[in-house]
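# Chain and residue survey
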Amino acid sequence: MAYVDGFVLAVPKKNLPAYKKLAQLAGKVWMEHGALEFKECVADDVKVGKLTSFPQAVKLKAGEVVVFSYIVYKNRAARDKINKKVMEDPRLTAMMAGKDMPFDGKRMIYGGFETLVTLEA
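To keep things clear, this report deals only with the structure shown in the data block. Here the structure is a predicted model, which means the values were calculated and not measured.

The helix and strand inventory of the chain stands at four helices and four strands. Its helices and strands in sequence order give the chain the pattern β-α-β-α-β-α-α-β, from N to C terminus. For the chain, the C-alpha atoms occupy an extent of roughly 40 × 35 × 25 Å along the three principal directions. The long-range fraction of contacts in the chain, counting pairs at least 24 apart against all pairs at least 6 apart in sequence, stands at 83%. As presented, the chain carries roughly 8,300 Å² of accessible surface, and 59% of it is formed by carbon and sulfur atoms.

Here it is as structure tokens:
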């Protein structure tokens, strides 16, 4: 069964072009190091809930949009090996420093997930 890292974050709408550029580079690096799939998705139909929701989870502010992303790996061991290589990749070193991040990393939610069910077309 595949293993998935999932992320939810808030990106200022004015920073979406910069975020897209960063995500394209990150995706390229992850895929080159062995990830099976890399997706970045911008909220289109995401409402604020009464008790919980994506906007509430990231403390969405005016002028921001929720981004949901995920990376798929063969298994957890592959994910750990790939992420180690990614974190050491010089193309992402400056990005990981957080100086010019197009979003507030403190409001990003992320974690690793074991696949429970997979259906494909």
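So, about the environment of T118. Structurally, T118 is set in the segment after β4 (109-114). For T118, a relative accessible area of 45% gives the class partly exposed. Residues T118 and L25 lie 93 residues apart in sequence; the distance between their C-alpha atoms is 27 Å.

In this fold, E64 is placed in strand β3 (residues 64-73). Apart from the residues lying within four places of it in its own chain, the contact partners of E64 are A10, V11, P12, K13, K59 and R107.

Glancing now at the sheet that holds strand β1 (residues 3-12). What the four strands build is an open sheet, ordered β2-β3-β1-β4; its pairing is antiparallel. Either end of the sheet is taken by a strand with one partner, and the two such strands are β2 (37-42) and β4. Averaged over all neighbouring strand pairs, the angle between strand axes comes to 15°, with direction disregarded. Strand direction decides the pairing type here: β2 and β3, joined by six bridges, are antiparallel.

Counted by the stated rule, this structure contains nine salt bridges. A salt bridge links R91 to E32; its shortest N-O distance comes to 2.9 Å. One end of the pair, R91, is in helix α4 (residues 90-97); the other, E32, is in helix α1 (residues 16-32), and 59 residues separate them in sequence. You can call R91 partly exposed: its relative accessible area is 36%. On the basis of relative accessible area, E32 is assigned to the partly exposed category, the value being 48%.

Thresholds, definitions, all that
Residues numbered from 1 in each chain as written. Predicted model: local features only at pLDDT ≥ 70, side-chain atom pairs only at ≥ 80, totals over all residues. Heavy atoms only, no water. Helix = DSSP H or I, 4+ residues; strand = E, 2+ residues; numbered from the N terminus. Contact = heavy atoms within 4.5 Å. Areas by Shrake-Rupley, 256 points an atom, 1.4 Å probe, with all protein chains shown as cover. Buried < 20%, exposed > 50% of the residue type's maximum accessible area, 1.4 Å probe, protein only. Pairing = 2+ DSSP bridges. Axes fitted to C-alpha atoms, helices over the stretch in contact; angles between N-to-C directions. Salt bridge = Lys/Arg side-chain N within 4 Å of Asp/Glu carboxyl O.

By themselves, these are just geometric observations and shouldn't be taken as functional.
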